[in-house]
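Below are the chains, spelled out letter by letter.
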Amino acid sequence: MKPGQTGLTRLISATRYSWLGLQAAWRHEAAFRQEAFLAIIGIPLAIGVSRNITDFLLLTLPLLLLMLIELLNSAIEAVVDRLGEDPHELSGRAKDMGSAAVFIAILMAGLSWVSIPASIYLDG
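Residues numbered from 1 in each chain as written. Predicted model: local features only at pLDDT ≥ 70, side-chain atom pairs only at ≥ 80, totals over all residues. Heavy atoms only, no water.

A. Molecular detail of the overall build of the chain. For the chain, the helix and strand inventory stands at four helices and zero strands. When the elements of the chain are put in sequence order from the N terminus, they spell out α-α-α-α. Against the globule reference of 14 Å for 124 residues, the chain gives a C-alpha radius of gyration of 18 Å, more extended than a compact globule. Out of the 124 residues in the chain, the part that is buried amounts to 22%. Within the chain, counting contacts between residues at least 6 apart in sequence, those at least 24 apart form 61% of the total. Total accessible area on the chain stands at roughly 8700 Å², and carbon and sulfur atoms take up 69% of it. (Helix = DSSP H or I, 4+ residues; strand = E, 2+ residues; numbered from the N terminus. Rg over C-alpha atoms; globule rule 2.2 N^0.38 Å. Buried < 20%, exposed > 50% of the residue type's maximum accessible area, 1.4 Å probe, protein only. Contact = heavy atoms within 4.5 Å. Areas by Shrake-Rupley, 256 points an atom, 1.4 Å probe, with all protein chains shown as cover.)

Structure, rendered in structure tokens:
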């Protein structure tokens, strides 16, 4: 974004760059595509499974959070790869930590998708 942009011009530019980022993730990151498909299936399914808005949010927000973290992980990987292909302890650590963040987000989504339907079933 160019310095000095404000107001509506800044908002339009930021939206354009965000859209370009989503397109790049879709085009270059298989994990992002898989997680997007999971959200495309999971969000409508959450509408049918949920008893209330809280259930719906507890099912859908972890899916969106997973996509968000995957975007950040992909950005970290792109920057590390841009800096060089030579093995370096810090590069490996950055990539591993990004991967760990994705793993934790997957656990969160899984926990929600096991817990909420189980509580619905057990409640009756």
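B. Main features of the layout of surface pockets. Of the voids in this model, the largest pocket is the one considered here, and its volume is about 190 Å³. Elements supplying a minimum of two residues to the lining of the largest pocket: α1 (7-28) and α3 (53-83). Ranked by residues supplied to the lining of the largest pocket, first place goes to α3 with six residues. Counted by class, the lining of the largest pocket contains five nonpolar, three polar and three charged residues. (1 Å grid on protein atoms, 1.4 Å probe; cavity = no way out; pocket = protein on both sides within 12 Å on 5 of 7 lines; lining within 4 Å. Points joined across faces, edges and corners; volume = space filled by probe spheres on them. Nonpolar A, V, L, I, M, F, W, Y, C, P; charged D, E, K, R; others polar.)

C. Seen up close, the packing of helix α2 (residues 30-49) against α3. Viewed as axis vectors pointing N to C, α2 and α3 meet at an angle of 170 degrees, and their least axial separation amounts to 9 Å. The angle between the axes of α2 and α3 places the two elements in the roughly antiparallel class. On α3, the residues touching Ala31, Phe32, Glu35, Ala36, Leu38, Ala39, Gly42, Ile43, Ala46, Ile47 and Val49 of α2 are Phe56, Leu59, Thr60, Leu63, Leu64, Leu66, Met67, Glu70 and Leu71. In terms of residue class, the contact of α2 with α3 is built from 16 nonpolar, two polar and two charged. (Axes fitted to C-alpha atoms, helices over the stretch in contact; angles between N-to-C directions. Parallel < 35°, antiparallel > 145°, perpendicular 65-115°, else oblique.)

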